[in-house]
Number of protein chains: 2
Amino acid sequence: MQSRIPARRATGRPRSAAADAAILAATREALVELGWSKLTLVDVACRAGVAKTTLYRRWAGKNELVVDAVAELFDALRLPDRGSLAADVEGVVLQFAAILARPEARSGLMAVVAESTRDEALRDRIRASIVDRQKRLVLEGRSRAQARGELPAETDPEATARTVDLIFDVVAGAVVHRTLVSAEPADEEWVRGFTRVLLLGLAGAVGPA
Amino acid sequence: MQSRIPARRATGRPRSAAADAAILAATREALVELGWSKLTLVDVACRAGVAKTTLYRRWAGKNELVVDAVAELFDALRLPDRGSLAADVEGVVLQFAAILARPEARSGLMAVVAESTRDEALRDRIRASIVDRQKRLVLEGRSRAQARGELPAETDPEATARTVDLIFDVVAGAVVHRTLVSAEPADEEWVRGFTRVLLLGLAGAVGPA
DNA sequence: GCCCTTACGCTACGAGTCGTAGCGAAACCA
DNA sequence: TGGTTTCGCTACGACTCGTAGCGTAAGGGC
């Protein structure tokens, strides 16, 4: 969310918040039309109606800009109480799949993750802006299921953190792999099957059809 | 595996197979040292000891070259019979994690997947060279578990295909997300927890510790 | 309302990469 | 040996990058 290169003091002309929003929207628009590799900062600046130098004053480069532009997409995720753990999981996974079906998320997300393998600062930025922000969904669904008696209460906070991380990697990883690597839609049928495996396990899922 | 741009006839001077191997090895070497974004074909050609034009005669571009270079890494995956489904899963997941821990796989794989979101031909290439090639592991582990009586035999071939695809996305997706997005190691402890969830499901896994 | 500070738009620049074309020489098959 | 293709080399125009320098605009502190 923050613009990486901070304004230095509280005095002087403040940065235009409207420009910030226009730039991020223009970045997503360019991601849709051009994809990651053909996206240039000049093009984004032109679409946003600002000068190229304005971009460089706020973001260190293409990587950081796209992370911020993509991160906003995932803030739309919600976890309404649908009555059961299975229904909650299916609901949020379908939302996640819908976001990953959008071209600006598809081309942007994987690209910055790829770049982050050689850039520790970028990795931290992704973690803070995207990953950790959405772990709240796992935490909330989990405590809700515990309140319903669907999951046992865990006492050890360290074990809890490990479990939450694990669930997050399984859920997010499966959806991402399905939509981006296997390149097939995570539709309702697939989500039902996935939720079944997640809750019941391999043996329990294929058994009683 | 094939070089995308085929030699036209059986006559004339054949292409050097040694050059092919040298180029792919040089590509992996460059991926380690430079990463995806700073990798240039001139650099690869220089490392491999061939001319830049030779690269362009065999591969359409950087994307196709890196797919072939990375695909070879995953052919090392094996599925030895370790006596139980859980042990088999743990074994192959640890191998997969070890490959994804190598920098040439980390930076290369995600980058080409990102590019493939806007390039259908590249997507097909990845699917053929990497994804479908490794689905054999799921098929083999599954039939082995069925022979042991750990999994029920499925009769409908269409349902079987769906299940295999689902399992593959869950396993591969979870490991990829853990190592590349969460950027934490998929070590033995994590793999044990993951296998537990995969086989027993969420409720069964956190219950009997 | 004035001055100080900063953001902004614009232009220009050197450096680097891209993919292609054209050439002579070398290697292989029939 | 003749025909065919690959290979190494060089050069090329087009493009993108990130930065610097300038004059101007827009705020905040007093």
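Residues numbered from 1 in each chain as written. Chains lettered and ligands numbered in written order. Predicted model: local features only at pLDDT ≥ 70, side-chain atom pairs only at ≥ 80, totals over all residues. Heavy atoms only, no water.

Named according to an unreviewed UniProt entry, chain A is TetR/AcrR family transcriptional regulator originating from Streptomyces doudnae.

A.B. asks: Describe the overall build of chain A, listing the residues and the values that go with them.
C.D. replies: Check the secondary structure of chain A and you find 9 helices and 0 strands. Beginning at the N terminus, the succession of helices and strands in chain A can be written as α-α-α-α-α-α-α-α-α. When contacts within chain A are restricted to residue pairs at least 6 apart in sequence, those whose partners lie at least 24 apart make up 64%. In the structure as shown, chain A presents an accessible area of about 9600 Å², 54% of it carried by carbon and sulfur atoms. Looking at charge distribution, chain A has the averaged site of its 30 positive side-chain charges lying 7 Å from that of its 28 negative ones. (Helix = DSSP H or I, 4+ residues; strand = E, 2+ residues; numbered from the N terminus. Contact = heavy atoms within 4.5 Å. Areas by Shrake-Rupley, 256 points an atom, 1.4 Å probe, with all protein chains shown as cover. Lys, Arg positive; Asp, Glu negative; His and termini not counted. Charge placed at Lys NZ, Arg CZ, Asp CG, Glu CD.)

A.B. asks: Requested: an account of the packing of helix 1 (residues 17–34) of chain B against helix 2 (residues 41–48) of chain B, with residues and values cited.
C.D. replies: Residue and element names in this part refer to chain B. Axis separation between helix 1 and helix 2 bottoms out at 8 Å; the angle between their running directions is 120°. Classified by the angle between their axes, helix 1 and helix 2 sit oblique to one another. The hand of the helix 1/helix 2 crossing is right-handed. In contact with A22, I23, A26, T27, E29, A30, E33 and L34 of helix 1, helix 2 contributes D43, V44, R47 and A48. Looking at the contact of helix 1 with helix 2 residue by residue, the class counts come to 7 nonpolar, 1 polar and 4 charged. (Axes fitted to C-alpha atoms, helices over the stretch in contact; angles between N-to-C directions. Parallel < 35°, antiparallel > 145°, perpendicular 65-115°, else oblique. Left-handed = near helix turned anticlockwise from the far one by under 90°. Nonpolar A, V, L, I, M, F, W, Y, C, P; charged D, E, K, R; others polar.)

A.B. asks: Account for the side chain of S107 of chain A, naming residues and giving values.
C.D. replies: Inspection of the secondary structure assignment puts S107 of chain A in helix 6 (residues 103–116). On the basis of relative accessible area, S107 of chain A is assigned to the buried category, the value being 2%. Of note is the side chain of S107 of chain A, whose polar atom sits 2.9 Å from the backbone oxygen of P103 of chain A. Apart from the residues within four sequence positions on either side, S107 of chain A is in contact with L31, G35 and W36 of chain A together with A114, T117 and R118 of chain B. (Buried < 20%, exposed > 50% of the residue type's maximum accessible area, 1.4 Å probe, protein only. Polar contact = N/O pair within 3.5 Å; in protein donor to acceptor, adjacent residues only side chain to side chain.)

A.B. asks: Talk me through the protein's contact with DNA strand D; I want residue IDs and the actual numbers.
C.D. replies: Around DNA strand D, a shell composed of 23 residues is seen, among which Y56 of chain A together with R13, T53, T54 and R58 of chain B lie nearest. Sugar and phosphate atoms represent 61% of those atoms of DNA strand D found within 4 Å of the protein. R13 of chain A is positioned such that a nitrogen or oxygen atom in its side chain is 3.1 Å from a base nitrogen of DNA strand D. Side-chain polar atom of Y56 of chain A to a phosphate oxygen of DNA strand D: 2.6 Å apart, as the coordinates give it. Of all the secondary-structure elements, those providing two or more residues to the surface near DNA strand D are helix 3 (52–58) of chain A together with helix 3 (52–58) of chain B. Here the element with the most residues in the surface near DNA strand D is helix 3 of chain B; it accounts for 4 residues. (Near = heavy atom within 4 Å.)

A.B. asks: Now, about the protein's contact with DNA strand C: what can you tell me, with residues and values included?
C.D. replies: Close to DNA strand C lie 24 residues, the nearest being G12, T54 and R58 of chain A together with K52 and Y56 of chain B. Taking all atoms of DNA strand C within 4 Å of the protein, the share assigned to sugar and phosphate is 59%. Within the contact set of DNA strand C, a phosphate oxygen lies 3.0 Å away from a backbone nitrogen or oxygen of S16 of chain A. The separation between a base oxygen of DNA strand C and a polar side-chain atom of K52 of chain B is 3.0 Å. Within the residue set of the surface near DNA strand C, elements represented by two or more residues are helix 3 of chain A together with helix 2 and helix 3 of chain B. No other element matches the 4 residues that helix 3 of chain A contributes to the surface near DNA strand C.

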